[in-house]
Amino acid sequence: MFTSQSRRLLANQGSNHVDVYAFPNSKGQVCVVYSAIYGSDGCFGAFTSDVPVSFAVTDPDEVGSGYPAVVAGLAPDTVESISVVIDGSEHQATLQNGAYFYQLGSTESWPQGVVVHYRNGSTASVGVPAIPTIKNPDVG
């Protein structure tokens, strides 16, 4: 990892004042990490038509308690804005320096997807996996 080459792309986001950082790794990918409690997004190789942006949905505790989830990632320069879809409505994410961030308004919310709005007027949609469930091993 080349952490000496890290760059802060976004600062002071959401109620936890999260900063978003990116740095290259030895495999030619870009890795994303967050300050505060949200950890890492992992590393990302390239934007494609199937993967128009990198994204992660992160909830540091569990859905329904503590902190709300955030949706964040990287976007190419051809992107004008990014919306996070929650309960069928689009909510504008902050987009700056090739990174985006959106904190959900409720600890019980989970996004359904991300809509990428390109500068040329076209859009692309990316689905988000369903709310993660934790199976209690003590319950049959």
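Okay, so let's go over this structure.

What counts, and at which threshold
- Residues numbered from 1 in each chain as written.
- Predicted model: local features only at pLDDT ≥ 70, side-chain atom pairs only at ≥ 80, totals over all residues.
- Heavy atoms only, no water.
- Helix = DSSP H or I, 4+ residues; strand = E, 2+ residues; numbered from the N terminus.
- Buried < 20%, exposed > 50% of the residue type's maximum accessible area, 1.4 Å probe, protein only.
- Contact = heavy atoms within 4.5 Å.
- Pairing = 2+ DSSP bridges.
- Axes fitted to C-alpha atoms, helices over the stretch in contact; angles between N-to-C directions.
- Core = buried A, V, L, I, M, F, W, Y, C linked by side-chain atoms within 4.5 Å.

Re the environment of Asp-19
Right, so step 1: Here Asp-19 lies in strand E2 (residues 18-24).
Right, so step 2: Classification of Asp-19 by relative accessible area gives buried; the value is 14%.
Right, so step 3: Distance in space between the C-alpha atoms of Asp-19 and Leu-104 is 16 Å, their sequence separation being 85 residues.
Right, so step 4: Apart from residues no more than four positions distant in its own chain, Asp-19 is found in contact with Arg-8, Leu-10, Ala-11, Asn-12, Val-33, Tyr-34 and Ser-35.

Thoughts on the sheet that holds strand E4 (residues 40-44)
Right, so step 1: With respect to topology, 4 strands assemble into an open sheet ordered E1-E2-E3-E4, the strand pairing being antiparallel. The open sheet has two edge strands, strand E1 (7-13) and E4, and neither has a second partner. Averaged over all pairs of adjacent strands, the angle between their axes in this sheet comes to 15°, without regard to strand direction.
Right, so step 2: As defined by bridge partners, E1 adjoins E2 across 4 bridges and the pair is classed as antiparallel. Across the sheet, residue Gln-13 finds its bridge partner in E2, namely Val-18.

Here we look at the nonpolar core
Right, so step 1: In this structure, Ile-82, Tyr-100 and Val-116 are the most contacted members of the largest nonpolar core, which totals 19 residues.
Right, so step 2: Breaking this core down by element, the ones donating at least two residues are strand E7 (79-86), strand E10 (99-103), strand E11 (113-118) and strand E12 (123-127).
Right, so step 3: Leaving out residues up to four positions away in the same chain, Val-116 has contacts with Pro-52, Val-53, Val-79, Ser-81, Ser-122, Thr-123 and Ala-124.
Right, so step 4: Counting residues in each nonpolar core, the second largest holds 13 residues, with Val-20, Val-32, Ala-56 and Phe-101 among its members.

Observations regarding the pairing of E11
Right, so step 1: Across the 6 residues that make up E11, a large majority, 6, are buried.
Right, so step 2: Burial of E11 is two-sided: the residues Gly-113, Val-115 and His-117 facing one way and the residues Val-114, Val-116 and Tyr-118 facing the other way are all buried.
Right, so step 3: With 6 bridges connecting them, E7 and E11 associate as antiparallel partners. For Ile-82, the partnering residue across the bridge sits in E11 and is Val-116.
Right, so step 4: In terms of strand pairing, E11 meets E12 through 5 bridges, oriented antiparallel. Paired with Val-115 across the bridge in E12 is Ser-125.
Right, so step 5: Where E11 folds back onto E12 in an antiparallel hairpin, the turn is made up of 4 residues, including Gly-121, whose phi is positive at roughly 95°.

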